[in-house]
Amino acid sequence: MLQVDVTLGFDEFALAVRHDFALSGVTAIFGRSGSGKSTLLRVIAGLETRAEGRVVMAGEVWQDQNRQIAPERRGVGYVFQDTRLFPHLSVRGNLDYALKRARGLGGPRFDDVVQALDLGALLARRPTALSGGEKQRVAIARALLTAPKILLMDEPLAALDDARKAEILPYLERLRDAGGVPILYVSHSLAEVSRLARHIVVLQAGRVMRADTAEAVLSDPEAVPMFDRREAGAIIAARVGAQEADGLTRLETSAGPLFLPRAGAAIGSSLRIRIHAQDVMLARARPEGLSALNILPAIVTEVRLGEGSDALVQLRMGDDLILARITRRSARVMALAPGAEVFAILKSVAVAQADVGTATAQA
Amino acid sequence: MELPDLAPLWLTLRLAGITMALLLVIGTPIAWWLAHSQSRLKPVIEALTALPLVLPPTVLGFYLLVMLSPKSLIGGAWLDLTGTTLTFSFLGLVVGSAIYSLPFTVQPLQAAFEGLGRGPLEAAAMLRAGPIDRFRTVVLPLSARGFLTAAVLSFAHTLGEFGVVLMLGGNIPGKTKVISIAIYEQVETINYADAHVLSAGLLLFSFLVLLFVYTVNRRFPVSVG
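Residues numbered from 1 in each chain as written. Chains lettered and ligands numbered in written order. Predicted model: local features only at pLDDT ≥ 70, side-chain atom pairs only at ≥ 80, totals over all residues. Heavy atoms only, no water.

A closer look at the overall build of chain A
Phase 1 of the analysis: In terms of helices and strands, chain A carries eight helices and 21 strands.
Phase 2 of the analysis: A globule of 363 residues ought to have a C-alpha radius of gyration of about 21 Å, and chain A, at 22 Å, matches this closely.
Phase 3 of the analysis: Within the span of chain A, comprising 363 residues, buried residues form 55% of the whole.
Phase 4 of the analysis: Residue pairs at least 24 apart in sequence account for 65% of intrachain contacts in chain A once pairs closer than 6 positions are excluded.
Phase 5 of the analysis: With an accessible surface of roughly 15600 Å², chain A has 48% of that area assigned to carbon and sulfur atoms.
Phase 6 of the analysis: Of note, chain A has its 45 positive side-chain charges centred 3 Å away from the centre of its 41 negative side-chain charges. (Helix = DSSP H or I, 4+ residues; strand = E, 2+ residues; numbered from the N terminus. Rg over C-alpha atoms; globule rule 2.2 N^0.38 Å. Buried < 20%, exposed > 50% of the residue type's maximum accessible area, 1.4 Å probe, protein only. Contact = heavy atoms within 4.5 Å. Areas by Shrake-Rupley, 256 points an atom, 1.4 Å probe, with all protein chains shown as cover. Lys, Arg positive; Asp, Glu negative; His and termini not counted. Charge placed at Lys NZ, Arg CZ, Asp CG, Glu CD.)

Here you go:
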């Protein structure tokens, strides 16, 4: 567990975070720009010497009233948004820099990291001769080679275009699934967070607004105002059931089967499915004669009237919770209230999982 | 034609070399502090280190003469300690030259450190590098151009020094008679031939040093910023 209880004041903004981070898998620190995400990461790393309070990493005091352990002695790996590779060293030189200073600390082997991030062909190059995605892969490898107790990633994909992001995400997923190092992942992209995070901590104006498992936060109507409304959506777990003859993949969820265009994953493998709130329609009776393939029974658990004409409906679908964004008028006409039985029509379903990439099913 | 006494040339090179080395040692921490400090004292220190740029060398030389003379606090203490005087000695010239050329070391270094920013240092800290390690492996190589410029400018500026030396060191052969003083003396005694040889020698030498530096600088592999 990483216990953080810190404050840090700036001219127009103050960070005041008190939270115990579970050290398992990826914990996303989510928030709008200016919410203090990066500052929090820097405080944990020891780069903000003005920060006050306590930081205790797995029982080891990194900071309290009396002292601050120097950043280089904390054993954090840090991946900066702007990579910060050393321009005077080759890729190999950058990696060696980390390796040399982490001898005897039981970190990963050089060859394994180079292989995992596909850097073999880049070792002799200078950082200036690398693409944005390549630089970020080198930066991640360099951070791993320091044998970190925790990996802090500050918007590692924010500076990349969508194609480069898609290139890096599988590496991050493999890193997560290898389960070696816990990761704190700062992002303002709900898509990235939905894909990677086990836990989500939402920051707003320097404070923790919400912290829970990814499933709980993403299916909470209360949390939606903290996100971009068009991006809001829950994630549910699924297992690949079968590849069907007409090109569809059958996914088993706790509420029943879903059908997607061929997702390419092996039968039996687990997937994480993202369902945007605005892509969910509701019906009181099972609709007939509709082109939509994915219609599942659900029970309303919460209705929250939002700003303007919006209403957010939380639904229990099997063991999972999802969100639907509909109009207030529909909510009233359909008499939606907790306990109401409905059918959820999923207009599109996005799958995110290692080496699958993202597939979207249109109804 | 008989060659003029070349001792002033060697003395000048020795003075410039020692001053340059001393200034790199003293100037680096000052420049580092100026580049990173947010102290209210910063503009004061900045102004002080830039003073030799604007003051006539004779003013600087005059105050140094007063401050370092055996009757003063510093000069007296030095005399008690070592039995030698700081004024009219080679050591006194080194002190004077160092102060006179200080801005030519501090300003390029400060600019280099500021251009470097905190980014590479933080990155190195995150790779378990301590402060000295960071300075050696990140700051030095990435500020190499700044160090080269600082070294050359302080060396070259000391070569051409005249006023401070005249006030502080006088004209003692082998001790304080540097090349600019020697040339001045030759001209005073209407010995233009020797003045020509010394002047042309200094001109050629200075040009070759600068040419070498700019050639090296151009081929430098690292570009920062």
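That covers the picture; the talk isn't over yet.
Quick word on the pairing of strand S17 (residues 310-317) of chain A
All names here are of chain A.
Phase 1 of the analysis: Counting buried positions along S17 gives seven out of eight residues, so the element sits mostly inside the fold.
Phase 2 of the analysis: Examined bridge by bridge, strand S16 (residues 295-305) and S17 share six bridges and lie antiparallel to one another. Looking at the pairing, Val300 lines up with Leu315 of S17.
Phase 3 of the analysis: Summarising the sheet, S17 and strand S18 (residues 320-327) pair through eight bridges and their orientation is antiparallel. Directly across from Gln314, in S18, lies its bridge partner Leu323.
Phase 4 of the analysis: In textbook terms, the turn of a hairpin is the stretch between consecutive antiparallel strands, and for S17 and S18 this stretch comprises two residues, one of which, Gly318, has a positive phi near 65°. (Pairing = 2+ DSSP bridges.)

Section: the interface of chain B and chain A
Phase 1 of the analysis: Listed by partner, the interface residues are 20 residues for chain B and 22 residues for chain A.
Phase 2 of the analysis: Summing both sides of the interface, chain B and chain A together bury roughly 1800 Å²; the carbon and sulfur share of this comes to 64%.
Phase 3 of the analysis: Together, B:Met126, B:Leu127 and B:Arg128 form the three largest contributors to the area buried by chain B at its contact with chain A, with a combined 48%.
Phase 4 of the analysis: For the pair chain B and chain A, the number of links is four salt bridges.
Phase 5 of the analysis: Here B:Glu122 and A:Arg84 are joined by a salt bridge, their closest N and O atoms 2.8 Å apart.
Phase 6 of the analysis: Scanning the region where chain B abuts chain A turns up nine residue pairs in polar contact (both at pLDDT 80 or more).
Phase 7 of the analysis: Looking at the side of chain B that touches chain A, the elements with two or more residues in it are helix H6 (119-125) and helix H7 (131-142) of chain B.
Phase 8 of the analysis: Counting residues per element, the side of chain B that touches chain A draws most heavily on H7(B), which supplies seven residues.
Phase 9 of the analysis: When its residues are assigned to classes, the side of chain B that touches chain A shows twelve nonpolar, three polar and five charged. (Buried area = accessible area lost by both parts, 1.4 Å probe. Salt bridge = Lys/Arg side-chain N within 4 Å of Asp/Glu carboxyl O. Polar contact = N/O pair within 3.5 Å; in protein donor to acceptor, adjacent residues only side chain to side chain. Nonpolar A, V, L, I, M, F, W, Y, C, P; charged D, E, K, R; others polar.)

Observations regarding the sheet that holds strand S1 (residues 2-9) of chain A
Whether parallel or antiparallel, the strands of a sheet pair through hydrogen bonds between backbone atoms.
Residue and element names in this part refer to chain A.
Phase 1 of the analysis: A sheet is described by the order of its strands in space; here four strands give the open sequence S2-S1-S4-S5, paired in antiparallel fashion. Every interior strand has two partners, whereas the edge strands, strand S2 (14-21) and strand S5 (60-63), have only one. Going from strand to strand, the sheet's axes swing by 20° on average, the running direction of each strand aside.
Phase 2 of the analysis: Here eight bridges tie S1 to S2, and the two strands are oriented antiparallel to one another. Among the inter-strand pairings, Asp5 is bridged to a residue of S2, identified as Arg18.
Phase 3 of the analysis: Against the sheet, helix H1 (residues 37-45) contacts S1, S2 and S5, and its axis sits at roughly 115° relative to S1. (Axes fitted to C-alpha atoms, helices over the stretch in contact; angles between N-to-C directions.)

Thoughts on the nonpolar core
Residue and element names in this part refer to chain A.
Phase 1 of the analysis: Formed by 100 residues in total, the largest nonpolar core has its most connected members in Leu40, Leu95 and Ile200.
Phase 2 of the analysis: Filtering out sequence-adjacent residues up to four positions away, Leu40 remains in contact with Val4, Val6, Leu15, Val17, Phe21, Ile29 and Leu203.
Phase 3 of the analysis: Grouped together as the second largest cluster of nonpolar side chains are 31 residues, Leu258, Ala298, Ile326 and Ala331 included. (Core = buried A, V, L, I, M, F, W, Y, C linked by side-chain atoms within 4.5 Å.)

Observations concerning the confidence of the model for chain B
Residues and elements named next belong to chain B.
Phase 1 of the analysis: A residue-level look at chain B finds 95% of positions with pLDDT of 70 or above and a mean pLDDT of 88.
Phase 2 of the analysis: Mean pLDDT values for the elements of chain B range from 83 in helix H9 (residues 163-169) up to 95 in H6.
Phase 3 of the analysis: The ipTM for the predicted assembly is 0.83, set against a pTM of 0.83. (pLDDT = per-residue confidence, 0-100.)

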